[in-house]
Amino acid sequence: MTTQSTHTPAHTLFKVLPGAEGAAVTNVAIWFNDQPLTVPGGRSVAAALLAAGVSRFRATPVSGAPRAPFCMMGACFDCLVEIDGVPSRQACMVEVKAGMRIRSQEGARDLPPVSFADAPMENAHGR
Ligand code: FES
């Protein structure tokens, strides 16, 4: 499920860079907290969700305070979400793909099930 369009983020915090205006963006359809969502593709899950207006990615285990991506480079862990059933994925380090099922992460998570332990955990850089 992909469409070609020129994406203009609704959130004023995220503006299109000079020179990138008018560039075609391929939108992808994903699920966020069991709701369908169309987000710009070709970027990290965190960037795609932020561009779509999502501002709450997880809640802290102790106080339940809301968190959203901060560093966008894999250092702060404030962007942890569940992606396709795998908890504690760094949304800023995984490229968004059509059909992904993403859930906000509420509180602490257990280790992933054994079946996921051997699965490759690729990030946006293919590592
Ligand atoms: S935003 Fe900091 S680790 Fe993802």
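Predicted model, so just to flag it, every value in this text is computed and none were measured.

Colleague: I keep staring at the overall build of the protein chain and nothing clicks. Help me out?
Modeller: Helices and strands together make up the secondary structure of the protein chain, namely two helices and eight strands. Secondary structure elements of the protein chain, listed N to C terminal, follow the sequence β-β-β-α-β-β-β-β-β-α. Within the protein chain, buried positions represent 24% of all 127 residues. The long-range fraction of contacts in the protein chain, counting pairs at least 24 apart against all pairs at least 6 apart in sequence, stands at 44%.

Colleague: Sorry if this is basic, but what is going on with the environment of Lys-97 here?
Modeller: Along the chain, Lys-97 falls in the loop between strand E7 (86–90) and strand E8 (101–106). Judged by the 13 C-beta atoms lying within 10 Å of it, Lys-97 falls in the partly exposed class.

Colleague: Please explain the pairing of E8 as it appears in this structure.
Modeller: Examined bridge by bridge, strand E2 (residues 25–32) and E8 share two bridges and lie parallel to one another. Residue Phe-32 lies in a different strand from E8, and its bridge partner there is Ile-102. Direction of pairing for strand E4 (residues 58–59) relative to E8: parallel, over a ladder of two bridges. When the bridges of E8 are listed, Arg-58 appears paired with Gln-105.

Colleague: Before we go on, may I ask you to explain the environment of Val-96 in this structure?
Modeller: Looking at the secondary structure, you find Val-96 in the loop between E7 and E8. What makes Val-96 buried here is the crowd of 24 C-beta atoms within 10 Å. In this structure the C-alpha to C-alpha distance between Val-96 and Ala-29, which are 67 residues apart in sequence, comes to 9.6 Å. Residues in contact with Val-96, not counting those within four places in the same chain, are Val-28, Ile-30, Val-39, Gly-41, Arg-43, Ser-44, Val-45 and Ala-48.

Colleague: What should I look at first to understand the environment of Pro-36 in this one?
Modeller: Take Pro-36: it is sitting in strand E3 (residues 35–40). Assessed through the 9 C-beta atoms surrounding it within 10 Å, Pro-36 is described here as exposed. Those residues within four positions of Pro-36 in sequence are excluded, and the remaining contacts are Ala-29 and Trp-31.

How each quantity is defined
Residues numbered from 1 in each chain as written. Predicted model: local features only at pLDDT ≥ 70, side-chain atom pairs only at ≥ 80, totals over all residues. Helix = DSSP H or I, 4+ residues; strand = E, 2+ residues; numbered from the N terminus. Buried ≥ 20, exposed ≤ 12 C-beta atoms within 10 Å, placed from the backbone. Contact = placed C-beta atoms within 7 Å. Pairing = 2+ DSSP bridges.

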